[in-house]
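Summary of the model geometry
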Protein chains: 2
Amino acid sequence: MHALPPQVQRQRLESAAAAAATTGLDALLVTPSPDYRYLLGYDAPPLERLTCLVIRPGERPTLVLPHLEEPLARHQLGTLADEIDLVPWEETDDPFARVGSLLAGAGKVGVQDQMWATFVFRLGRALPRAELGVASMVLAPLRRRKSAEEIELLRAAAVAADEVMDAITAEQLSGRTEADVAAEVRRRLVEAGHEGADWAIVASGPNAASPHHEPGERVIQAGDSIVLDIGGSRAGYASDTTRTAFVGEPPAEFAALFAVLREAQAAACDAIRPGIPARDLDRVAREIITAAGYGPMFTHRLGHGIGLETHEEPYLVESNADRLQVGDVFSIEPGIYVGGRWGARIEDIAICTDSGGERLNQSSRELRIVS
Amino acid sequence: MHALPPQVQRQRLESAAAAAATTGLDALLVTPSPDYRYLLGYDAPPLERLTCLVIRPGERPTLVLPHLEEPLARHQLGTLADEIDLVPWEETDDPFARVGSLLAGAGKVGVQDQMWATFVFRLGRALPRAELGVASMVLAPLRRRKSAEEIELLRAAAVAADEVMDAITAEQLSGRTEADVAAEVRRRLVEAGHEGADWAIVASGPNAASPHHEPGERVIQAGDSIVLDIGGSRAGYASDTTRTAFVGEPPAEFAALFAVLREAQAAACDAIRPGIPARDLDRVAREIITAAGYGPMFTHRLGHGIGLETHEEPYLVESNADRLQVGDVFSIEPGIYVGGRWGARIEDIAICTDSGGERLNQSSRELRIVS
């Protein structure tokens, strides 16, 4: 995790309180999660003991936390701890009542989207007059607009993932299991500075038709297409890129499919501009794929936002009319999957800038011929 | 993840449906989580696209899931897939409405305790006549009673963690940073068969007084006490053990403190028997520590249940009157922390059997003198 200066955290906390006020929320309740990390600058583990950041317009941020977590929290917060009220609770206290007493008069309250159901119910009982909704109403728009520093962190993560992709597809892959190649990808991602590689999809042959295939004991062989979808977290920000390889020369049928995919992916990237509805980007790629007769084989959305989380807003899906904004960062990843046979996907992370789209991933998008 | 036979999964699904009926719940809604893994035998990642197992008394289990996750789910479920109705949804479908239509007449519905708030709210809107509560009412009692096979998996995880503890405390620790020692612990846990080491607390000198210290750049030195709290997941089941080391011969003051801790931990283990309230075990240890004058320095509960999760029911805390049952597996981990100076903790995983307690961790509980 890359520590940002305290003034960045302070400004995020202030922006969240101001946005809550504008949205008509009396408070935001944020348990450990990417939102918590965004606001406080460190990761607390999601545990059964309640840790909850309380943000109220016009008040100091308050952190209700287990007594035994207090030393670690103070250490992680550093000087930011001086600007936050810490409310430690003992093992036999009721932390939900603590939060309740802070919010005695609250009406509308936003809870962090991934807060555990058991906490939601207990907070609901501790706040009988409050109406609970999701905090993403306030926090997602803040997190969408990446700062210059965040973009540099995302760029560095993308460059590292590109290097790993180039390295792995320079090797002989046939004769190895998917799981073995995936393990090497994870190892290389860590060597390239990632804290962890949460997943590495290596989907070969018929498995390449399963978009979220889990690499297994299948041995890669001549005539396979291989979808390599790799990434993780580097300095707290996510990488995510996909390239497609083929063992040996591809048959004309696969080359034709891949050419269409390549065109669709490029067209969607070229269509990025502030103000375009997210669904229109999806449509740009989908129309090209559909016109070529592969429409039903593009079985998922075009992409997803990325930042502290691998999947976050904005989602590039046919049902999303939200307009792209400067500072949005998201994947563009169309795929074509032929059940029982093969599949292909190309994925880049792109930024929406004033002047259009910019791709953070720069490795070759050509079909990678491997041995 | 250790795959259990399909009949184990079938029996768990049937027990959950039967227990839901007994508890007066019309359905359980289980999103990816340890409960999901318990019931279906595999781990699905918690993602923004809804995957939800629907369990209703007298009906076949139904799994609502994103279309693109279906191939992987079928692969993971194996023959169990024949006994479950899979309901895949497309990217532009409303999966919450799908769940709603399955539960048109439902009254009381239990949702998985860690289900994301955003899902809870959306399911609530899709089930306007239902009353939502936590599924743990039904599932926690099932998960508490560990089967013989689960106990063997927990024992194997404990033995592996013991080996790592013995190996690390056989080395010279002074002159190394906490972070360096923690990295070695994690590496050794993986070598000993763990899928991952979620944490490794190496808390030295004054840091040993912070029960959940995050290992940092502090260099271990003569006169330090070191709390080593290590564990992770092995074949899907958690390990968790703590031993205390001292660099060089401890002063009499520390030796006295440690002797009290040792006695308290042993007494709590000896007091394990079916029917004893969880809080009474906590009290056994706390009374010994309090009588010796260290009461305020034992700042946390005595222990927590363990299984698929590191922390699960039963919790051994002063406020918990639940009685222990045969098949409960939990930690016994008193600690004494002297702020700014040092600290100590001893933790074993123990089972409640017909004839009393049995400790799964067998490594020496003596203060470990290290160089």
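Remember, it's a predicted structure, so these values are computed and weren't measured experimentally.

Our next topic: the overall build of chain A. A tally of regular secondary structure across chain A gives 10 helices and 18 strands. The principal-axis extents of the C-alpha atoms in chain A amount to approximately 70 × 40 × 35 Å. For chain A, buried positions account for 61% of its 371 residues. Restricting to contacts in chain A with at least 6 residues of sequence separation, those with at least 24 account for 66%.

A word on the relation of the copies chain B and chain A. Once chain B has been moved 0.0 Å along the axis and rotated by 180 degrees, it coincides with chain A to within an RMSD of 0.0 Å. Such a combination of rotation and displacement between the chain copies is what one expects of a two-fold axis. Looking at chain B, 100% of its interface residues are interface residues in chain A too, so the copies touch through the same face.

Residue and element names in this part refer to chain A. Following the criterion strictly, the structure yields 12 aromatic pairs over all chains and no others. Ring geometry for Phe 246 versus Phe 254: centroids 4.9 Å apart, planes at 50 degrees, classification tilted. As far as the burial class goes, Phe 246 and Phe 254 line up, both buried. Between Phe 254 and Trp 342, the aromatic rings sit 5.0 Å apart at their centres with planes inclined by 70 degrees, giving edge-to-face as the arrangement. Of the two residues, Phe 254 sits in helix α9 (residues 252–270) while Trp 342 sits in strand β15 (residues 342–345), which places them 88 residues apart along the sequence. Among the residues examined, Phe 254 registers a relative accessible area of 0% and is labelled buried. Pairwise contacts between aromatic rings join Phe 96, Trp 116 and Phe 119 into one cluster. Across the ring face of Trp 342, the terminal group of Arg 341 is positioned such that the distance to the ring centre comes to 4.2 Å.

All names here are of chain B. Mapped onto the elements of the fold, Ala 344 is located in strand β15 (residues 342–345). Through-space distance from the C-alpha of Ala 344 to that of Ala 259 is 10 Å; in sequence the pair is 85 residues apart. Residues in contact with Ala 344, not counting those within four places in the same chain, are Val 227, Thr 244, Phe 254, Leu 257, Phe 258, Leu 261, Pro 334, Gly 335, Ile 336 and Tyr 337.

We now examine the sheet that holds strand β2 (residues 52–55) of chain A. Residue and element names in this part refer to chain A. Spatially, six strands are ordered β4-β3-β2-β1-β5-β6 in an open sheet, and the strand pairing comes out mixed. For this open sheet the edge positions go to β4 (85–89) and β6 (131–134), each flanked by a neighbour on one side alone. Here the strands of the sheet are splayed against their neighbours by 25 degrees on average, with no regard to which way each runs. Looking at chain direction, β2 and strand β3 (residues 62–66) are connected through three bridges and run antiparallel. Its bridge partner lying in β3, Val 54 is registered against Thr 62. Helix-sheet contacts for helix α1 (residues 6–23) involve β1 (27–30) and β2, and the interaxial angle to β2 is about 60 degrees.

Glancing now at the pairing of β15 of chain B. Residue and element names in this part refer to chain B. Every second residue of β15 is oriented toward a common face, with Trp 342 and Ala 344 on one face and Gly 343 and Arg 345 on the other, all of them buried. Relative to β15, strand β14 (residues 335–338) runs antiparallel, the two sharing four bridges. Each residue of the ladder has a partner; that of Tyr 337, found in β15, is Gly 343. Hairpin remark: β14 followed by β15, antiparallel, with three residues in the connecting loop; positive phi at Gly 340, about 80 degrees.

The next point concerns the layout of surface pockets. All names here are of chain B. There is about 210 Å³ of room inside the second largest pocket. Lining the second largest pocket are Leu 4, Val 8, Gln 11, Arg 12, Ser 15, Tyr 38, Leu 142, Arg 145, Ser 147, Glu 149 and Glu 150. Secondary structure elements with two or more residues in the lining of the second largest pocket: α1 (6–23) and α7 (148–169). With four residues, α1 is the largest single contributor of residues to the lining of the second largest pocket. For the lining of the second largest pocket, the per-class residue count stands at four nonpolar, three polar and four charged.

What follows covers the pairing of strand β10 (residues 241–247) of chain A. Residue and element names in this part refer to chain A. Burial runs high along β10: seven of the seven residues are buried. Residues Thr 241, Arg 243, Ala 245 and Val 247 point to one face of β10 and Thr 242, Thr 244 and Phe 246 to the other, with burial holding for every one of them. Summarising the sheet, strand β8 (residues 225–234) and β10 pair through six bridges and their orientation is antiparallel. Within β10, the position partnered with Val 227 by the bridge is Thr 244. Both β10 and strand β18 (residues 368–370) contribute to a ladder of three bridges, which runs parallel. Pairing of Ala 245 across the sheet is with Arg 368, part of β18.

Residues and elements named next belong to chain A. Applying the stated criterion across every chain, the model contains 68 salt bridges over all chains. The closest approach of N and O atoms between Glu 184 and Arg 188, which form a salt bridge, is 2.8 Å. Within this pair, Glu 184 and its partner Arg 188 are both found in helix α8 (residues 178–191), separated by four residues, close to a single helical turn. Under the relative-accessibility criterion, Arg 188 is labelled partly exposed at 25%. Among the ionic contacts, a cluster of salt bridges with common partners joins Asp 35, Arg 143, Lys 146, Glu 309 and Glu 312.

So, how was this worked out
- Residues numbered from 1 in each chain as written.
- Chains lettered and ligands numbered in written order.
- Predicted model: local features only at pLDDT ≥ 70, side-chain atom pairs only at ≥ 80, totals over all residues.
- Heavy atoms only, no water.
- Helix = DSSP H or I, 4+ residues; strand = E, 2+ residues; numbered from the N terminus.
- Buried < 20%, exposed > 50% of the residue type's maximum accessible area, 1.4 Å probe, protein only.
- Contact = heavy atoms within 4.5 Å.
- Least-squares fit on C-alpha atoms with pLDDT ≥ 70 in both.
- Phe/Tyr/Trp six-rings, centres within 6.5 Å; stacked < 30°, edge-to-face > 60°.
- Lys NZ or Arg CZ within 6 Å of the ring centre and 35° of its normal.
- Pairing = 2+ DSSP bridges.
- Axes fitted to C-alpha atoms, helices over the stretch in contact; angles between N-to-C directions.
- 1 Å grid on protein atoms, 1.4 Å probe; cavity = no way out; pocket = protein on both sides within 12 Å on 5 of 7 lines; lining within 4 Å.
- Points joined across faces, edges and corners; volume = space filled by probe spheres on them.
- Nonpolar A, V, L, I, M, F, W, Y, C, P; charged D, E, K, R; others polar.
- Salt bridge = Lys/Arg side-chain N within 4 Å of Asp/Glu carboxyl O.

Function-wise, these values are silent; they only describe arrangement.
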